[in-house]
Amino acid sequence: MEEGHATFGASGWRKKDSLLTDILRVGLVGAGVFGGYHASKIAEAPNVSFQGVFSADPLRGETVAGRHGVTAFEDLETLLDASDAVIIATPATSHSLLVEAALEADCHVLVEKPLATSVDAATALADLAEAKQRVLQIGHQERYICDALSLFDLAEPPERIEFVRHSLPPRNGRALDVSVVWDLAIHDLDMLALMLDRQITLETARGRAQLGPQMDEVAARLSTGSCAVDVSVSRLSDHPQRTIRIGWRKGEALVDFGARQITVEGETPYAADFADAPADPLLLADQAFFEACRSDRESPIPARSVLTAIDLAERIERTIAQ
């Protein structure tokens, strides 16, 4: 999970006045559901000072800030000036501009997925982070679970993989600013890129919209030549499902994330147990981010490591739009 990350020196982070201390000042941008989760991690982290919250919705910002006894900032610039690092948990279409603003303000950044909705924009942000010598970590914390389940270290290359991620319609229109590709499929595309680590070709893609102008269901067929991959995502389901089916010549394994169960049929080189999966991957990701900001330790989910997934997502969107 450390693939493609820039190496930071011993002075991997600095305060705005260039005085290094043991306390990392962290701000939060966004006060929705995930913003609330991150707020709790910031507040409980050792050697971290929770500076406050900025939200485009002042009432939400005040609610989250009040819950933790910190400042609800009225503008982004003031929060960035008061922080060494920020966590961005806002609607996907705002990520790119907010990350750029934070990096230009010399802040380290952890941003929820996706980093951007184009590979060109994502690459530019990765370049900027390296030029600024700032940590830029992406919120693909599901990697911790998949890593614990040995999905990134399969003993034999599979011949087929099927990703299914179906969820209930989002409450209060959450995430409808982007299609289900950026909302849900980006997780599976990220896993796929790390599982195969080979050139991936998009063969077919189709989708439909129901809740608004953006696609709410998408099915795509991808391939590496030796491995066929099907990805099915939906936010219209009445029955949530999140599985990965991996097939070899003599057998297959079904990883059911909802049931936290792995079923193996036939002969396979795969063996894993959900007992090894972390209970709180978000906590692990946030802790790793804080440590990377204050030391020369690498971020576990650096920006460059997500570029393949973003490229695949962009290609799926473009293919369906044609």
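Residues numbered from 1 in each chain as written. Predicted model: local features only at pLDDT ≥ 70, side-chain atom pairs only at ≥ 80, totals over all residues. Heavy atoms only, no water.

Asker: Which residues make up the packing of helix H7 (residues 180-196) against helix H9 (residues 307-321), and what values do they have?
Answerer: It is the contact of H7 with H9, at a shortest axis distance of 8 Å, that shows an interaxial angle of 130 degrees. When the axis of H7 is compared with that of H9, the two are oblique. Between H7 and H9 lies a crossing of right-handed hand. Across the interface between the two elements, Val 181, Trp 182, Ile 186, Leu 189, Asp 190 and Ala 193 of H7 pack against Thr 308, Ala 309, Ile 310, Leu 312, Ala 313, Glu 314, Ile 316 and Glu 317 of H9. Of the residues contributing to the contact of H7 with H9, the split by class is 10 nonpolar, one polar and three charged. (Axes fitted to C-alpha atoms, helices over the stretch in contact; angles between N-to-C directions. Helix = DSSP H or I, 4+ residues; strand = E, 2+ residues; numbered from the N terminus. Parallel < 35°, antiparallel > 145°, perpendicular 65-115°, else oblique. Left-handed = near helix turned anticlockwise from the far one by under 90°. Contact = heavy atoms within 4.5 Å. Nonpolar A, V, L, I, M, F, W, Y, C, P; charged D, E, K, R; others polar.)

Asker: Tell me about helix H4 (residues 95-104), residues and numbers included.
Answerer: What H4 keeps buried is the set His 95, Leu 98, Val 99, Ala 102 and Leu 103. Looking down the long axis of H4, one finds its buried residues gathered within 130 degrees of arc, a one-sided arrangement. The elements touched by buried residues of H4 are strand E1 (24-29), helix H3 (76-81), strand E4 (85-88), strand E5 (108-112), helix H5 (119-132) and strand E6 (136-139). Count one or two residues on from H4 and you reach Asp 106, which has phi positive near 65 degrees. (Buried < 20%, exposed > 50% of the residue type's maximum accessible area, 1.4 Å probe, protein only. Arc of directions from axis to C-beta.)

Asker: So what's going on with the pattern of salt bridges? Which residues, and what values?
Answerer: Tallied over the full model, the rule gives 21 salt bridges. A salt bridge links Arg 245 to Glu 162, with the shortest nitrogen-to-oxygen separation between them at 3.5 Å. Pair noted here: Arg 245 is in strand E11 (residues 241-247) and Glu 162 is in strand E7 (residues 160-166), with a separation of 83 residues, a long-range link. Classification of Arg 245 as partly exposed rests on a relative accessible area of 30%. The network of salt bridges with common partners includes Lys 113, Arg 174, Asp 183, Asp 216 and Arg 235. (Salt bridge = Lys/Arg side-chain N within 4 Å of Asp/Glu carboxyl O.)

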